[in-house]
Amino acid sequence: MKTHEIAQRWLDFFAAKGHAVVPSASLISTDPSILFNIAGMVPFIPYLTARETPPWDKATSVQKCIRTGDIEEVGKTVRHGTFFQMCGNFSFGDYFKEQAISYAWELLTSPIDKGGYGLNPDRLWVTVYEDGDEKDEEARAIWRDKIGLPNERIQGTGKADNYWHTGQPGPGGPCSEIFYDRGAQYGIDGGPIADETRYVEIWNLVFMQFQLSAVRSKTDFDVAGELPKRNIDTGLGLERLAMILQGVENMYETDQVRPVLDVAAELSGKEYSSTEDPADPHHTDDVRLRVVADHVRSALMLISDGVAPSNEGRGYVLRRLIRRAVRAMRLMGVEKPCLPVLLPVSRDAMKSFYPAVEEDFERISRIAYAEEKSFLRTIASGTARLDEAVIESKANNTALSGSDAFTLHDTYGFPIDLTLEMAEEAGVKVDEAGFRALMLEQRQRAQADSRAKKSGHADLSAFNELLSQGETVFTGYQELDGESTI
Ligand code: ATP
Ligand code: MG
Ligand code: MG
Ligand code: MG
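Conventions used here
- Residues numbered from 1 in each chain as written.
- Chains lettered and ligands numbered in written order.
- Predicted model: local features only at pLDDT ≥ 70, side-chain atom pairs only at ≥ 80, totals over all residues.
- Helix = DSSP H or I, 4+ residues; strand = E, 2+ residues; numbered from the N terminus.
- Rg over C-alpha atoms; globule rule 2.2 N^0.38 Å.
- Buried ≥ 20, exposed ≤ 12 C-beta atoms within 10 Å, placed from the backbone.
- Contact = placed C-beta atoms within 7 Å.
- Near = placed C-beta within 6 Å.
- Domains from an automatic or database assignment.
- Pairing = 2+ DSSP bridges.
- Arc of directions from axis to C-beta.
- Axes fitted to C-alpha atoms, helices over the stretch in contact; angles between N-to-C directions.
- Left-handed = near helix turned anticlockwise from the far one by under 90°.
- Nonpolar A, V, L, I, M, F, W, Y, C, P; charged D, E, K, R; others polar.

*Asks:* Lay out the overall build of the chain with the relevant residues and their values.
*Replies:* Secondary structure summary: the chain contains 17 helices and 10 strands in total. Here the chain has a C-alpha radius of gyration of 24 Å; the compact-globule value for 486 residues is 23 Å, and the two agree. With respect to the principal axes defined by its C-alpha atoms, the chain has extents near 75 × 50 × 45 Å. By the burial criterion, 48% of the 486 residues in the chain qualify as buried. A sequence separation of at least 24 residues applies to 72% of the contacts in the chain between residues at least 6 apart.

As structure tokens, then:
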């Protein structure tokens, strides 16, 4: 089943259960204090927190998401994209726990010809909220007695994993997550609490049930009582389900992502080998190819939603995604512009569900290609500066200084791993510790700046939960700067 068919099947299933089908909101969150929509529920926050009355009591969507906080995982785990789509069903004071669990089970396990996804029920595991004496016994009982899931495949996890709240007094409640066992060849026995690569999380069900009177941290809060109107918020990772239904090894090999990976492999003359094993000699290039495929798609979707490269906020995230993709290609030996080849491939893979990427491609591609060109120019001018530093280091028989590496990074946009790689080729070491110290100083300055600016947003506290996931306006610098792995 193609990814867009999986998405359509989701919407059809919940529409048939009386849910309003709500189109995806833009990646750009309407709240200026959040960079991007990071979950299906973000556009529904005013309804879920009862600040506004929803026009429907049940809704469903397939929401475009960007999680820059997951960028370092991309290509290394099987399941994290910077861009991904979250399928959701929402109840605003309508159905609750039992119905939400029943819908999830029905959709996942009903046969394909009956409108479901046809997953083997024996492969499904769930977690429910259990923290010391506090237990969501109700959820466990529904899974065990109503659904018939063996008790051993229902695992308890605590507040850090299975409790949702906004970070301030207001609604909160336990979660229940659904995992798919990919099989013994992918890891050890013992369920999701033992191995999250073998048992892949596909769906999170949030039961908004309680009124919290005080919230001191993610795991430390007081419950005042039951909410008068209880809500359901769920999120399923579309790419993760596609990876299972398409029988591929990871989300980068699904139909919306893989074509770019293949063309990137062709361009660089690398053979992609699907390995997840860091000890495998193919691993470095495999990760790079997965990063390229992920980031090119994220760039396409971001520009399509109106983001343009810049040195701050959303534009900076886009800039770094493009640069990371170009850099990964360069590290695989491709020095010519790669986006004119890769971006149309991503467009073709995405257009069936997002016609805008085709209709608007002239504009999207103009922005993307210009950004790549300017980065390649940066690399060229940085190379001249690097050559000077190398000559000097050789003459003095010293390592290339941390401050030279920092200047290359900061003024020329020259990533540290390029500096390391090219210095090594020239037979010169780099004072990487010195470079890191200067980066840290700069980051601390940016954080101080961020704190100053953040306090300008009066209602920011409502989103502490989201912000704590690293999605604020300023984390682009922290999350994306200075990474040395790709
Ligand atoms: P994980 O623990 O695997 O990082 P999560 O608990 O952070 O996932 P949730 O916040 O519960 O994820 O989001 C709901 C669903 O969205 C997840 O169950 C998963 O299927 C999907 N999802 C979350 N993050 C990503 C991502 N970076 N790429 C693809 N799918 C994702
Ligand atoms: Mg996560
Ligand atoms: Mg999780
Ligand atoms: Mg989760």
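*Asks:* An account of the site of ligand 1 is needed here, citing residue identities and associated values.
*Replies:* In the region of ligand 1, 17 residues are neighbours, and Asp70, Phe84, Asn204, Gly235 and Gly237 sit closest. Among the secondary structure elements, those contributing two or more residues to the shell around ligand 1 are strand 3 (83–92), strand 9 (199–217), strand 10 (220–237) and helix 6 (238–245). Top contributing element to the shell around ligand 1 by residue count: strand 9, with four residues.

*Asks:* Break down the environment of Leu440 for me, with residues and values.
*Replies:* On the secondary structure map, Leu440 appears in helix 15 (residues 432–454). You can call Leu440 exposed: it has 11 C-beta atoms within 10 Å. Sequence separation between Leu440 and Gln246 is 194 residues; the distance between their C-alpha atoms is 43 Å.

*Asks:* Tell me about the domain arrangement of the chain, and please be specific about residues and values.
*Replies:* By the assigned domains, the chain splits into domain 1 (3–245) and domain 2 (257–480). Of note, the centres of domain 1 and domain 2, computed from C-alpha atoms alone, are 31 Å apart.

*Asks:* Provide a residue-level description of unusual backbone geometry, including the pertinent values.
*Replies:* With a phi angle near 60 degrees, Ala50 is a residue other than glycine that sits in the positive phi range. You can see Ala50 is positioned in the loop between helix 2 (45–48) and strand 2 (58–66). The backbone of Ser274 shows a phi angle near 65 degrees, a positive value even though the residue is not glycine. Structurally, Ser274 is set in the loop between helix 7 (258–268) and helix 8 (283–304). What makes Ser274 partly exposed here is the crowd of 13 C-beta atoms within 10 Å.

*Asks:* Describe in detail the pairing of strand 10, supporting the description with residues and values.
*Replies:* In terms of strand pairing, strand 3 meets strand 10 through five bridges, oriented antiparallel. Across the sheet, residue Cys87 finds its bridge partner in strand 10, namely Leu236. Bridge count for strand 9 against strand 10 is 12 bridges, and the pairing is antiparallel. Paired with Leu212 across the strands is Val223, a residue of strand 10.

*Asks:* Residue-level account of helix 7, with values.
*Replies:* Those residues of helix 7 that fall on the buried side of the exposure criterion are Arg258, Val260, Leu261, Val263, Ala264, Ala265 and Ser268. The inward-facing, buried residues of helix 7 abut helix 8, helix 9 (313–331) and helix 10 (339–350). Note on helix 7: the residue one or two positions beyond its end, Gly269, has a positive phi of about 70 degrees.

*Asks:* Tell me about helix 4 (residues 137–147), residues and numbers included.
*Replies:* Those residues of helix 4 that fall on the buried side of the exposure criterion are Ala139, Arg140, Ile142 and Trp143. The buried residues of helix 4 all sit within an arc of 160 degrees when viewed along its axis, so they share a single face. Turned more than 90 degrees away from the buried face of helix 4 sit Glu137, Asp145 and Lys146, all of them exposed. Looking at the packing, one finds that the buried side of helix 4 touches helix 3 (97–109), strand 4 (124–131), strand 6 (154–157) and strand 8 (170–181). Gly148, located one to two residues past helix 4, shows a positive phi value of around 85 degrees.

*Asks:* So what's going on with the packing of helix 10 against helix 12 (residues 361–396)? Residues and values would help.
*Replies:* At a minimum axis distance of 10 Å, the contact between helix 10 and helix 12 shows a crossing angle of 145 degrees. As for the relative orientation of helix 10 and helix 12, their crossing is right-handed in sense. Taken together, the residues of helix 12 that come into contact with helix 10 (itself represented by Leu339, Pro340, Leu343 and Arg347) are Phe361, Ser365, Ala368, Tyr369 and Glu372. Partitioned by chemical class, the residues of the contact of helix 10 with helix 12 number six nonpolar, one polar and two charged.

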